[in-house]
Amino acid sequence: MMVLARLQSRQLLKKMDAAQSYGEWSEQAAAYDQENGLGDWKSADASKSYDYRSIRQRLDLIRDLRFRQDYQQLLFTLNEGIHGNVGGMGKPALYNKAKLGTKNLIHQFVREVCGALHDIDEVDESIISLQEKEDFFIRAGHCFGRSALMLSGGAVLGFFHAGVVKALFEQGLLPDIISGSSAGSIIAATACTHTDEELSQRLSIDNLHHEVEQTSSIRPRLSPFVSRNQPMDASNLRAYLEKIIPDLTFQEAYALTGRKLNITVTGLAPEQAPRLLNAITSPNVLIRPAVMASCAIYGIYPPVTLQCRNAKGEAVPYLPDLRWIDGSFVDDLPAKRLTRLYGVNHFIASMTNPAALAITPDPDAPGNVLRQAFNYQSRIVKNVTTEMLKISRDTLRFKSPALNLIQHLSYGVLAQDYTADINIFLRNRWSHPLRLLAPPSRQVMLRLIREGELATWERIEMVRNCTAISRTLDEILQRRGWEQ
């Protein structure tokens, strides 16, 4: 019997890997959970990973108040606890046990809170005044916060992000706030410069690969000591971006799609602070040159001067004395800046950066004692190396500006935190460096997009639960025209 059960489980896993849609995948995932007795685990409230007693108590209270239509008391109760990750119910450990979803209690609680928010929004103003509603929803939205999607660098591996964005978009879960660094900036810009009607088609393998085929091969010169008077040819990348990204500023893209695009760029000089470009900090900056700058890997592509649209609608240099390079060197996942600008407190990271993957274990992956020990040892090595580079950067000065910059960028790569609340990691962490820079074949691109979709499908219910309340609050605030 045990052998038969294992065979059935393996067959279900194969069917999950072969699924062509999230609907197919979730059907097989549910069957896998049922086959392995995980339905009982989902039905039982108890777990050491979250405060199930508190959540059960609040669920029963909210459910009772809604049933009795006691909206004043319901409003009071919601005022007590609209905040993210209540009771620890967003912990990855709660989503690693089963293939599909988590404890039924968590699903029920999220649905009940969202229903209660709609009740407060729709109840007659003789019961709860419009001013009370506005005050509550603005405070609740501010308290609960927002979610953002961060797309890392990764050269050709960045097409993994296309699968991530596609999977989230098809489930109505794509955050409005999206950041991108290096290769991630290409997919982020694509998502934020096309309307919902255009986006699915824009992210299809046919469109993405067709544009790559129309672009000449990349022939980088792999030397970080290239003369400033002999910039390397980046016309192929520029031509590719012209095909997939409209000629828009950050403000124009936001007005068109309602999505908030953020692109990170690193200063060419060590004393030059990195920037997060968006409709708030740089509304008139043109997106294509910003993406070019974020993709300008030092020693492979030339640094870029940003461009903006002036009052006459002409493209002119932006900060003409400054040049910019690959955004992933110093701020691949700009969580702190997104928090400050948009009130984001929940992050989804799509990670393909080879350097980051080499030094960052997947924090959400279930593991045994040996894995935990290895991860602990890896963190020690990373921290020690980072401190050594910091001392070197602060005390040593080379005659060559290139060596000083490499020292600065190396520290920037190691010092970053590459994890988020929900992590979607590329499984295959190793790839030949030269292949990362070559135009991918249709087969390679299809594999990367496919892997991005599968990795995201594994996290869909976690994303859905962790963002449902904030999405409900945002929908009500936007429909009502209430500003936070």
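Residues numbered from 1 in each chain as written. Predicted model: local features only at pLDDT ≥ 70, side-chain atom pairs only at ≥ 80, totals over all residues. Heavy atoms only, no water.

Enquirer: Describe the overall build of the protein chain, and please don't skip the residues or the numbers.
Expert: Along its length, the protein chain carries 23 helices and 9 strands. Within the protein chain, the fraction of its 484 residues that count as buried is 51%. Taking as baseline every contact in the protein chain between residues at least 6 positions apart, the subset at least 24 positions apart corresponds to 78%. A total accessible area of about 23100 Å² is found for the protein chain, and carbon and sulfur atoms account for 53% of it. (Helix = DSSP H or I, 4+ residues; strand = E, 2+ residues; numbered from the N terminus. Buried < 20%, exposed > 50% of the residue type's maximum accessible area, 1.4 Å probe, protein only. Contact = heavy atoms within 4.5 Å. Areas by Shrake-Rupley, 256 points an atom, 1.4 Å probe, with all protein chains shown as cover.)

Enquirer: Please give an account of the pairing of strand β3 (residues 260-267) that cites residues and values.
Expert: With 8 of 8 residues buried, β3 lies mostly within the body of the structure. Of the two faces of β3, the one lined by Lys-260, Asn-262, Thr-264 and Thr-266 and the one lined by Leu-261, Ile-263, Val-265 and Gly-267 are each fully buried. When strand β2 (residues 177-180) meets β3, the two strands line up parallel, connected through 4 bridges. Bridged to Ser-179 within β3 is Asn-262. For β3 and strand β4 (residues 275-277), the ladder comprises 3 bridges, and the chain directions are antiparallel. In the sheet register, Ile-263 faces β4, and the bridge partner there is Leu-277. Direction of pairing for β3 relative to strand β7 (residues 324-325): antiparallel, over a ladder of 2 bridges. (Pairing = 2+ DSSP bridges.)

Enquirer: Describe in detail the layout of surface pockets, supporting the description with residues and values.
Expert: A volume near 1100 Å³ is recorded for the largest pocket. Lining of the largest pocket is provided by 40 residues; of these, Arg-146, Asp-176, Lys-260, Asp-474 and Gln-478 occupy positions nearest its centre. Elements that contribute at least two residues to the lining of the largest pocket include exactly α8 (130-144), β1 (146-151), α9 (159-170), α14 (250-257), β3, α17 (335-342) and α23 (460-480). Looking at the lining of the largest pocket, the element that brings in the most residues is α23, giving 7 residues. Its residues assigned to classes, the lining of the largest pocket shows 16 nonpolar, 15 polar and 9 charged. Shared between two domains, the lining of the largest pocket takes at least three residues from each, and those domains are domain 1 (1-145 + 467-480) and domain 2 (146-353 + 421-464). (1 Å grid on protein atoms, 1.4 Å probe; cavity = no way out; pocket = protein on both sides within 12 Å on 5 of 7 lines; lining within 4 Å. Points joined across faces, edges and corners; volume = space filled by probe spheres on them. Nonpolar A, V, L, I, M, F, W, Y, C, P; charged D, E, K, R; others polar. Domains from an automatic or database assignment.)

Enquirer: Before we move on, could you go through α23 and cite the residues and values that matter?
Expert: The terminal C-alpha atoms of α23, which comprises 21 residues, lie 28 Å apart, in line with the 30 Å expected from a rise of 1.5 Å per residue. Along its length, α23 shows its largest kink, about 50°, at Thr-467. Of all 21 residues making up α23, 15 are buried, and the element is well covered by its neighbours. Taken from the residues just after α23, Gly-481 is the one with a positive phi, measuring 75°. (Expected span 1.5 Å × (residues − 1). Bend = angle between axes of the 7 residues up to and from the residue.)

Enquirer: Provide a residue-level description of the side chain of Ser-152, including the pertinent values.
Expert: Here Ser-152 is to be found in the loop between β1 and α9. Ser-152 sits in the buried class, given a relative accessible area of 0%. Of the polar contacts made by the side chain of Ser-152, one reaches the backbone nitrogen of Asn-353; its length is 3.3 Å. Apart from the residues lying within four places of it in its own chain, the contact partners of Ser-152 are His-161, Ser-181, Ala-183, Gly-184, Asp-332, Leu-333, Ser-350, Met-351, Thr-352 and Asn-353. (Polar contact = N/O pair within 3.5 Å; in protein donor to acceptor, adjacent residues only side chain to side chain.)

Enquirer: I'd love a proper account of the nonpolar core, names of residues and values included.
Expert: Trp-25, Leu-78, Leu-117, Phe-137, Ile-287, Val-291 and Leu-338 are the most contacted members of the largest nonpolar core, which has 134 residues in total. Those residues in contact with Leu-117, other than ones at most four positions away along the chain, are Leu-78, Ile-82, Phe-136, Phe-137, Ile-469, Thr-472, Leu-473 and Ile-476. (Core = buried A, V, L, I, M, F, W, Y, C linked by side-chain atoms within 4.5 Å.)

Enquirer: Which residues make up the UniProt feature "active site" (unreviewed entry) in the protein chain, and what values do they have?
Expert: The feature "active site" (unreviewed entry), as annotated in UniProt, sits at Ser-182 and Asp-326 in this numbering. Maximum C-alpha separation among the annotated residues is 5.6 Å over a sequence range of 145 residues, consistent with a single clustered spot. Looking at the element boundaries, Ser-182 is found in the loop between β2 and α10 (183-192). For Ser-182, a relative accessible area of 4% corresponds to the buried category. Setting aside residues no more than four positions away along its own chain, Ser-182 makes contact with Gly-153, Ser-294, Cys-295, Asp-326 and Ser-328. Assignment of secondary structure puts Asp-326 in the loop between β7 and α16 (328-331). (UniProt positions renumbered as here; feature names shortened; annotations may be inferred.)

Enquirer: Let's hear about the pattern of salt bridges: which residues, and what values?
Expert: Proximity of charged atoms lets side chains of opposite charge pair with each other. Under the definition given, this model contains 22 salt bridges. Here Asp-64 and Arg-68 are joined by a salt bridge, their closest N and O atoms 2.9 Å apart. Here Arg-68 and Asp-64 lie together in helix α4 (residues 52-68), a separation of 4 residues that amounts to about one turn. In this structure, Asp-121 engages Arg-479 in a salt bridge whose closest nitrogen and oxygen atoms are separated by 2.5 Å. A residue pair is termed long-range when its members are at least 10 positions apart, and Asp-121 in helix α7 (residues 104-122) and Arg-479 in helix α23 qualify at 358 residues. Looking at Arg-479, the relative accessible area reads 48%, which means it is partly exposed. Connected through shared salt-bridge partners, Arg-63, Arg-66, Glu-112 and Asp-119 make up one network. (Salt bridge = Lys/Arg side-chain N within 4 Å of Asp/Glu carboxyl O.)

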